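# Coordinate inspection notes
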Amino acid sequence: MLPAQYRMTRSTDFGVTVRQGARAAQPDLVVHSWRDVAGDESVVGPKIGLVVSKSVGTAVQRHRVARRLRHAAYRILCDGQSGLEPRDRVVIRALPGSRDAVSARLETELRAALKRTQSPRQARS
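Report on the accompanying structure. (Residues numbered from 1 in each chain as written. Predicted model: local features only at pLDDT ≥ 70, side-chain atom pairs only at ≥ 80, totals over all residues. Heavy atoms only, no water.)

### Focus on the pairing of strand β4 (residues 88-94)
Under the convention used in this document: Only protein chains enter the accessibility calculation, which uses a 1.4 Å probe. A residue is then buried if its area is under 20% of the maximum for its type, exposed if over 50%, and partly exposed in between. The helix and strand labels rest on DSSP assignments: H or I over at least four residues marks a helix, E over at least two residues marks a strand, and numbering proceeds from the N terminus. Only strands joined by at least two bridges in the DSSP assignment are considered to pair. We call a crossover right-handed when, viewed with both strands directed away from the observer, the connection leading from the first strand over the helix to the second proceeds clockwise.
For β4, a buried count of six out of seven residues is recorded, marking the element as mostly surrounded by other parts of the structure. Pairing of strand β2 (residues 29-35) with β4 involves seven bridges; the strand directions are antiparallel. Bridge pairing links Trp 34 to Arg 89 in β4. Across five bridges, the pairing between strand β3 (residues 47-51) and β4 is parallel. Of the residues in β4, the one forming a bridge with Val 51 is Arg 93. On the question of chirality, the crossover connecting β3 to the parallel β4 by way of helix α2 (residues 59-79) is left-handed.

Okay, structure coming up:
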């Protein structure tokens, strides 16, 4: 389960992250990552949002994918090697292939996508 402090809940945050963030595509998901430089100083941690559309499958399949993605995101946040900072915003959009992917594969793809979205940011700094 992804703790509430890490959940992205406002639609404006989703929109800004998708429009302005760096994008990395994987076979089963697409990751958008954006750093809110004008954000609040008291932010506890990075915010992560999920988009699992009807193209993924039935409601049961969509919820299963969402649970797996939340678990993968939590594991990445907990290991401390994600490189995410408190002002980072990440939107994970599940693709139809994620319906049949196992949790380990989703976590691997998420790690790879996060790494790719952060590399241009580090090169500019």
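### Some thoughts on the pattern of salt bridges
Basically, it comes down to this: The term salt bridge refers to a side-chain nitrogen of Lys or Arg lying within 4 Å of a carboxyl oxygen of Asp or Glu.
Tallied over the full model, the rule gives eight salt bridges. Between Arg 10 and Asp 13 there is a salt bridge, with its nearest N and O atoms 3.5 Å apart. If you follow the salt bridges from partner to partner, you end up with Arg 75, Asp 79, Glu 107 and Arg 111 in one network.

### Concerning the sheet that holds β2
Going by this rule: The axes used here are C-alpha line fits, helices contributing only the stretch in contact, and every angle between their N-to-C directions lies in the interval 0 to 180 degrees. We call two residues in contact whenever any of their non-hydrogen atoms come within 4.5 Å of each other.
Across the sheet, which stays open at both edges, the four strands sit in the order β1-β2-β4-β3 with mixed pairing between neighbours. Whereas interior strands pair on both sides, the edge strands pair on one side only; in this sheet they are β1 (22-25) and β3. The mean angle between the axes of side-by-side strands here comes to 15°, regardless of whether they run parallel or antiparallel. Its contacts with the sheet place helix α1 (residues 11-20) against β1, β2, β3 and β4, and it is angled at close to 100° to β2.

### Some details on α2
For the record, the criterion: Helices are assigned an expected span. That span is 1.5 Å times one less than the residue count. Starting at the helix axis, one direction is taken to each C-beta atom, and the arc is that of these directions.
Compared with the 30 Å implied by 1.5 Å per residue over 21 residues, the 30 Å span of α2 between its first and last C-alpha is a close match. Every buried residue belonging to α2 is among Arg 62, Val 65, Ala 66, Leu 69, Ala 72, Ala 73, Ile 76 and Leu 77, and all of these are buried. Along the long axis of α2, the arc covered by the buried residues comes to 135°, so they all point the same way. Among the exposed residues of α2, those pointing more than 90 degrees away from its buried face are Val 60 and His 63. Of the residues flanking the end of α2, it is Gly 80, one or two places downstream, whose phi is positive at about 75°.

### Focus: the environment of Ala 22
With respect to the helices and strands, Ala 22 occurs in strand β1. Distance in space between the C-alpha atoms of Ala 22 and Ser 119 is 9.7 Å, their sequence separation being 97 residues. Contact partners of Ala 22, with chain neighbours within four places excluded, come to Val 31, His 32, Ser 33 and Thr 117.

### Concerning the nonpolar core
What counts, and what does not: Residues grouped as a nonpolar core are buried Ala, Val, Leu, Ile, Met, Phe, Trp, Tyr and Cys residues, joined through side-chain atoms within 4.5 Å.
Ranked by size, the top nonpolar core spans 22 residues in total, and within it Val 31, Ile 48, Leu 69, Val 90, Ile 92, Leu 110 and Leu 114 carry the most contacts. Of all the secondary structure elements, the ones that give two or more residues to this core are β2, α2, β4 and α3 (103-124). Considering each element in turn, this core owes the most residues, six residues, to α2.

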